[in-house]
Amino acid sequence: MCRARVVMRSSLNYDHRLQLVTFAGDTRRMLISKFCAFSSYKQMPTFLDFNCSKTIDCKQGAVRAVRYNVDGSYCMSCGSDKKIKLWNPASGLLLKTYGGHADEVTDAAGSCDSSYIVSASLDKSIIYWDVSTGTPVRRLRSHAGGVRCVCFNEDSSIAISGGRDNAVMCWDIRTRRLDPVQVMKEARDCITAVLTNEHKIFAASLDGCVRHYDIRVGELTCDKIGQPITYLAQTRDEQCLLAGCQDSALRLLDCESGGLLSEYKGHQADDYHIECGFLSNDAHIVAGSCAGDAYVWDLLEAKVLQRIRISDNGGVVHSLATHPKRQELLFARRRDMHVFSTDVQIEEEQL
């Protein structure tokens, strides 16, 4: 399989000067070998099966997204009832409810100090919340369509959002400025996921492309996958991206070269927005499915290690979150949030 990488180098206005490089099968094999060699110095952890430790009825209509805070001590659920709820996932205790959106809440993210939350909604706005008081600090509107995804940068000074208007917007939340400080409109379809690190913004779109915006040099790099992308995740070492696609395949991409490292199949995505992610050790991959279950793969061997049965009654497992430190998972299905842990972790908590 071949993959094309388009690089647009210019100033911040991203003038279209194109450089096309094609990665053939030999290059792909070289990239896999390089990645395996990089990972070989780490002691690969033994995989332990996940078991359900708690099921929480969120009582907020359909749960649209579940997210951990920065250290995994709390989690958030986004509902079709236009609210965000803050939970203790270990006890299932509801800590706070945040209401202020005029339509379904599609995504949320916690700040680096867990003092603030930013949320996205189909009402075309994002809201910056104070966690302790539960009140909106700022409501930001510039998207022409519903907002699908949102995240913070590393120091939580900038919020980044992506919407159905095909735009990625950056917001300076340290000031009272209500307009975005940067707008990127290169995508030709809905933005489904946004990620960021110290100097780059990654945006996935239903147009089948992953776009890398290098803020330092004003460079846009576009990796063409060829399939609509519903979600995007990044390894903790920031070397690889995982793209969840509508053709029921996950594709592992090299951040530096854009090469396709591996593919993972077994789950059913169909036309749903199915999320995926890396476990805390970066050695395993997890994704939901439209058949009421989730799958865990070995990252290097691309084989299914466990099929996690969420419910015997079916239902789409569309959203998930991986704990930043432990072997723990959150899944959203219908109106419930499911917490799964390994046997070892459950035993440790009981001790």
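Conventions used here
Residues numbered from 1 in each chain as written. Predicted model: local features only at pLDDT ≥ 70, side-chain atom pairs only at ≥ 80, totals over all residues. Heavy atoms only, no water. Core = buried A, V, L, I, M, F, W, Y, C linked by side-chain atoms within 4.5 Å. Buried < 20%, exposed > 50% of the residue type's maximum accessible area, 1.4 Å probe, protein only. Helix = DSSP H or I, 4+ residues; strand = E, 2+ residues; numbered from the N terminus. Contact = heavy atoms within 4.5 Å. Pairing = 2+ DSSP bridges. Axes fitted to C-alpha atoms, helices over the stretch in contact; angles between N-to-C directions. Polar contact = N/O pair within 3.5 Å; in protein donor to acceptor, adjacent residues only side chain to side chain. Patch = residues over 30% accessible without salt bridge, like charges linked within 9 Å, V, L, I, M, F, W, Y side chains within 5 Å. Areas by Shrake-Rupley, 256 points an atom, 1.4 Å probe, with all protein chains shown as cover. Salt bridge = Lys/Arg side-chain N within 4 Å of Asp/Glu carboxyl O. Lys, Arg positive; Asp, Glu negative; His and termini not counted. Charge placed at Lys NZ, Arg CZ, Asp CG, Glu CD.

Student: Sorry if this is basic, but what is going on with the nonpolar core here?
Tutor: Across soluble globular proteins, nonpolar side chains have a tendency to be buried as a group. In terms of nonpolar packing, the biggest core is built from 29 residues, with Leu232, Leu241, Leu242, Leu250, Leu252, Tyr264 and Ile285 touching the most fellow members. If you tally residues by element for this core, the top one is strand S21 (residues 240-245), at five residues. Each residue touching Leu250, except ones within four places of it in the same chain, is listed here: Leu242, Ala243, Gly244, Ser262, Glu263, Tyr264, His267, Cys276, Ile285, Ala287 and Trp297.

Student: Before we go on, may I ask you to explain the environment of Ile56 in this structure?
Tutor: With respect to the helices, strands and loops of the structure, Ile56 is situated in strand S3 (residues 50-57). Overall, the relative accessible area of 5% leaves Ile56 in the buried class. Spatially, the C-alpha atom of Ile56 lies 5.6 Å from that of Asp336, the residues being 280 residues apart in sequence.

Student: Explain the sheet that holds strand S12 (residues 147-152) here, please?
Tutor: Think of a sheet as strands paired side by side through backbone hydrogen bonds, with each pair either parallel or antiparallel. Read across the open sheet, the four strands follow the order S12-S13-S14-S15; overall the sheet is antiparallel. In this open sheet, the two strands that pair with only one neighbour each are S12 and strand S15 (182-184). Ignoring strand direction, the axes of neighbouring strands in this sheet form an average angle of 20°. Note that strand S13 (residues 158-163) and strand S14 (residues 168-172) share five bridges and pair antiparallel. Across the sheet, Ala159 pairs through a bridge with Trp171, a residue of S14.

Student: What am I meant to see in the pairing of strand S30 (residues 336-342) here?
Tutor: The side chains of a regular strand alternate, first on one face of the sheet and then on the other. In terms of residue burial, S30 counts as a mostly covered element, since seven of its seven residues are buried. Residues Asp336, His338, Phe340 and Thr342 line one face of S30 and the alternating positions Met337, Val339 and Ser341 line the opposite face, and both faces are buried. Here S3 runs beside S30; their pairing, made up of seven bridges, is antiparallel. Bridge assignment links Thr55 to a residue of S30, and that residue is His338. Both strand S29 (residues 328-333) and S30 contribute to a ladder of six bridges, which runs antiparallel. Residue pairing for S30: Ala332 is matched across the bridge by Met337. If you look at the hairpin formed by S29 and S30, you'll find two residues sitting between the two strands, and Arg334 has a positive phi there, around 55°.

Student: Help me understand the environment of His101 in this model?
Tutor: Here His101 is to be found in the loop between strand S7 (93-99) and strand S8 (105-110). Residue classification places His101 among the buried residues on the basis of a relative accessible area of 6%. Look past the residues within four positions of His101 in its chain and what remains in contact with it is Lys82, Ile84, Ser119, Ala120, Ser121, Asp123, Ser125, Ile126, Ile127, Trp129 and Arg139. Engagement of the side chain of His101 in a polar contact is seen with the side chain of Ser119, the distance being 2.7 Å. Of note is the side chain of His101, whose polar atom sits 3.1 Å from the side chain of Asp123.

Student: What should I look at first to understand a negative patch on the surface in this one?
Tutor: Among the surface-exposed residues, Glu154, Asp155, Glu198 and Glu238 lie close enough to one another that they form a single negatively charged patch. Summarising the element assignment, Glu238 is placed in the loop between strand S20 (229-234) and S21. The partly exposed category is assigned to Glu238, whose relative accessible area is 34%.

Student: Sorry, what's going on with the sheet that holds strand S23 (residues 260-265) here?
Tutor: The sheet built from four strands is open, its strands ordered S20-S21-S22-S23 with antiparallel pairing. Whereas interior strands pair on both sides, the edge strands pair on one side only; in this sheet they are S20 and S23. Along the sheet, successive strands turn relative to each other by an average axial angle of 20°, direction set aside. Sheet analysis places S20 next to S21, joined by five bridges and oriented antiparallel. Bridge assignment links Tyr231 to a residue of S21, and that residue is Gly244.

Student: So what exactly am I meant to see when it comes to the pattern of salt bridges here?
Tutor: Opposite charge on two side chains makes pairing possible when the charged atoms of those side chains draw close. Summed over the entire model, instances satisfying the criterion amount to 16 salt bridges. One salt bridge in this structure joins Asp172 and Arg174, with 3.3 Å as the shortest N-O distance. For Asp172, a relative accessible area of 16% translates into the label buried. A salt bridge links Lys265 to Glu263, with the shortest nitrogen-to-oxygen separation between them at 3.9 Å. Through salt bridges with shared partners, a single network forms among Asp247, Arg251, Glu263 and Lys265.

Student: Honestly, unusual backbone geometry in this entry has me stumped. Any pointers?
Tutor: We note that Ser114 has phi near 60°; this positive angle belongs to a residue other than glycine. Within the secondary structure layout, Ser114 lies in the loop between S8 and strand S9 (116-121). Judged by its relative accessible area of 25%, Ser114 falls in the partly exposed class. Even without a glycine there, the phi angle at Ala302 is positive, about 60°. Residue placement: Ala302 occurs in the loop between strand S26 (293-298) and strand S27 (304-309).

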